[in-house]
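So you can see what is in the structure, the chains are spelled out below.
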Amino acid sequence: MKKILSFLLVMSMAFLCTGCEFINAILGASADTSLWDDPEVNDKIDEINGYIDEYFYFEIDEEKQEEALYDAVLSGLDDPYSVYYTEEEFAELQETNSGEYVGIGAVVTQDADMVVSIVRPVKNSPAEESGLMAEDIIVEVDGTEIIDQELTVVVDMIRGEEGTTAHIKIYRPSTGEYMDFDVERRVVENYSVSYKMLEDNIGYILVEQFYDNTCAEFIEAYTDLESQGAKAMVVDLRDNPGGLLTAVVDMCDFLMKEGTIVTTKDKDGNILQHYSSTDEEYADMPIAVLINGNSASASEIFAGALQDTGVAEIIGTTSYGKGIVQSVIPLSDGTAIKITIAKYFTPNGNDIHEIGIVPDYEVELADGRTNAVGIEYADDLQLHKAEEVLKGMIQ
């Protein structure tokens, strides 16, 4: 299965929240430092370094060793969502979630065989303009093969100074061709919402990821479709890997009547945050939410909140099941760590981690297809089911 950790050619692992409340909760916790005080551990490190000093053939890069040490502390937690960010990576992460960044503008992913492929080019991006397409497999970046390279390394290779050119070689499975593209690096806006009117007065809103600007885009789309006469709405969260908790909470608040959106609890069961909607505005039309196995994290909060409160019918296949919360904690030297600090629970108190949101209507796509990126309308069985359900609710 492809990693759900999606990147926008910056360092953009999907994460939930960087709230001060979570940071304070972590900083207030006492850490077990026995490992670092263990003389046997220190003696072993000294022994290893002694052999390196005596026998290692190449020049030692102590800065690289230091960064690897910090990486190891986090990777030793055996949690793929807890990671260390260098100062540069942290700056890139902040840039990404601000809604724009410098890059070529393509969402990419890496599978278990280390193959890096394009999920989709971002709208109006250099990647889209150059002709790069969903499912293209990246083979080389600037003449360097990327076989067996970690996704973060590939992302760093593609990033660069604004105005420079990235030479990308890809393999296109649909045609069996290898193709070369010269793509300009420039400021790319993260358009995360697109929309259109379907037949029978049904509006359709696609939400690709949750950024700072996503809620504003969503409200604009919903309001415009409503003004065009929409009497029901489809919200498509398929292949949406998540993003900022604040964005999804604001979107739920816009759609829901007063009530719980999501609750987060720490490892001791203490409530860290309880997010609720107000009764100031809410959706007064039927809603269907589309999900699949690539819908994760913030997408699952959205689907779970609307399902539990009866605001929407959920259609598609069971979601990914990432029901844990990460907090990004800046360190004193400009670097940062991101660690898992809590689980989240739906309004009904459901823990969906490694379980997922089970749809009200289980509908698979034809030919065993597991993603909906670039799917033709005629082939979209999940969307057709949503239209069928909504038409029945309108009538």
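Look up a bit, the structure's there.
Given the structure is predicted, the values throughout are model-derived calculations rather than measurements.

Enquirer: Honestly, the overall build of the protein chain in this entry has me stumped. Any pointers?
Expert: The secondary structure content of the protein chain amounts to 11 helices and 19 strands. Taking the principal axes of its C-alpha atoms as reference, the protein chain extends roughly 80 × 55 × 35 Å. Considering only contacts in the protein chain between residues 6 or more positions apart, those separated by 24 or more positions represent 69%. With an accessible surface of roughly 19200 Å², the protein chain has 48% of that area assigned to carbon and sulfur atoms. Here the protein chain holds 23 positive side-chain charges and 78 negative ones, and the gap between their average locations is 7 Å.

Enquirer: Would you take a moment to explain the sheet that holds strand β15 (residues 287-291) for this structure?
Expert: The sheet built from 6 strands is open, its strands ordered β10-β11-β12-β15-β16-β19 with mixed pairing. With partners counted over all chains shown, the strands left at the sheet margins are β10 (193-197) and β19 (361-362), one partner each. Direction of pairing for β15 relative to strand β16 (residues 312-316): parallel, over a ladder of 5 bridges. Opposite A288, over in β16, you have E313 as the bridge partner.

Enquirer: Looking at this structure, how should I read the environment of G76?
Expert: Relative to the elements of secondary structure, G76 occurs in the loop between α4 (62-75) and β1 (83-85). Of the residues examined, G76 reaches a relative accessible area of 61% and is grouped as exposed. Placed 18 residues apart in sequence, G76 and F58 show a C-alpha to C-alpha distance of 27 Å.

Enquirer: Sorry, what's going on with a nonpolar patch on the surface here?
Expert: A contiguous nonpolar surface patch, about 380 Å² in accessible area, is contributed by L35, W36, L69 and V73. Only α2 (34-37) and α4 provide two or more residues apiece to the nonpolar patch. The topology assignment puts L69 in helix α4. Under the relative-accessibility criterion, L69 is labelled partly exposed at 48%.

Enquirer: So what exactly am I meant to see when it comes to helix α3 (residues 39-55) here?
Expert: Because an α-helix completes one turn every 3.6 residues, residues spaced three or four positions apart along the sequence face the same direction. Spanning 17 residues, α3 covers 24 Å between terminal C-alpha atoms, matching the ideal 24 Å at 1.5 Å per step. A distance of 2.9 Å separates the backbone nitrogen of E40 from a side-chain oxygen at the start of α3, and that oxygen is part of D38.

Enquirer: Would you mind showing me how to read the packing of aromatic side chains here?
Expert: To describe a pair of aromatic rings, you give the distance between the ring centres and the angle between the ring planes. This model, assessed by the stated rule, comprises 9 aromatic pairs. Arranged with centres 6.1 Å apart and planes meeting at 65°, the rings of F56 and F58 form a pair that is edge-to-face. An aromatic cluster is present here, built from F218, Y222, F254 and F302 joined pairwise through their rings. Positioned above the aromatic ring of F345, the side-chain terminus of K265 is 5.0 Å from the ring centre. In this arrangement the basic side chain of K322 is found over the ring face of Y81, its NZ or CZ atom lying 4.6 Å from the centre.

Parameters at a glance
All residue numbers refer to position in the chain's written sequence, counted from 1. With the structure being a predicted model, the display of local features is reserved for residues of pLDDT at least 70 and the display and counting of side-chain atom pairs for 80 or more, all residues being used for whole-chain, interface and lining totals. Excluded from the side-chain calculations are hydrogens and water; all other atoms, namely the structure's heavy atoms, are used. A run of H or I in DSSP counts as a helix once it spans at least four residues, and a run of E counts as a strand once it spans at least two, with each numbered from the N terminus. The contact definition used throughout considers only heavy atoms, calling two residues in contact when any of these lie within 4.5 Å. Accessible areas in this description were obtained via Shrake-Rupley with a 1.4 Å probe; residue shielding takes into account the shown protein chains only. For the purpose of counting charges, residues Lys and Arg are taken to be positive, whereas Asp and Glu are taken to be negative. His and the chain ends are not included. The atoms used to mark charge sites are NZ of Lys, CZ of Arg, CG of Asp and CD of Glu. A pair of strands counts as paired when DSSP detects no fewer than two bridges linking them. Each residue's exposure class comes from its accessible area (1.4 Å probe, protein chains only) as a fraction of the maximum for that residue type: buried when under 20%, exposed when over 50%, partly exposed otherwise. A residue counts toward a patch only above 30% relative accessible area and without a salt bridge, and it is joined to like-charged neighbours within 9 Å or, for Val, Leu, Ile, Met, Phe, Trp and Tyr, to nonpolar neighbours within 5 Å. The working definition used for a salt bridge is a side-chain nitrogen of Lys or Arg within 4 Å of a carboxyl oxygen of Asp or Glu. Each residue after the first adds 1.5 Å to the expected span of a helix. We call two N or O atoms a polar contact when they sit within 3.5 Å, provided that within protein one can donate a hydrogen and the other can accept it, with sequence-adjacent residues counted only if both atoms are side-chain atoms. In this analysis, rings of Phe, Tyr and Trp, with Trp reduced to its six-membered ring, are considered paired at centre separations within 6.5 Å, and the interplanar angle assigns stacked below 30 degrees, edge-to-face beyond 60, and tilted for intermediate values. Either the NZ atom of lysine or the CZ atom of arginine qualifies as a charge over a ring when it sits within 6 Å of the ring centre and within 35 degrees of the ring normal.

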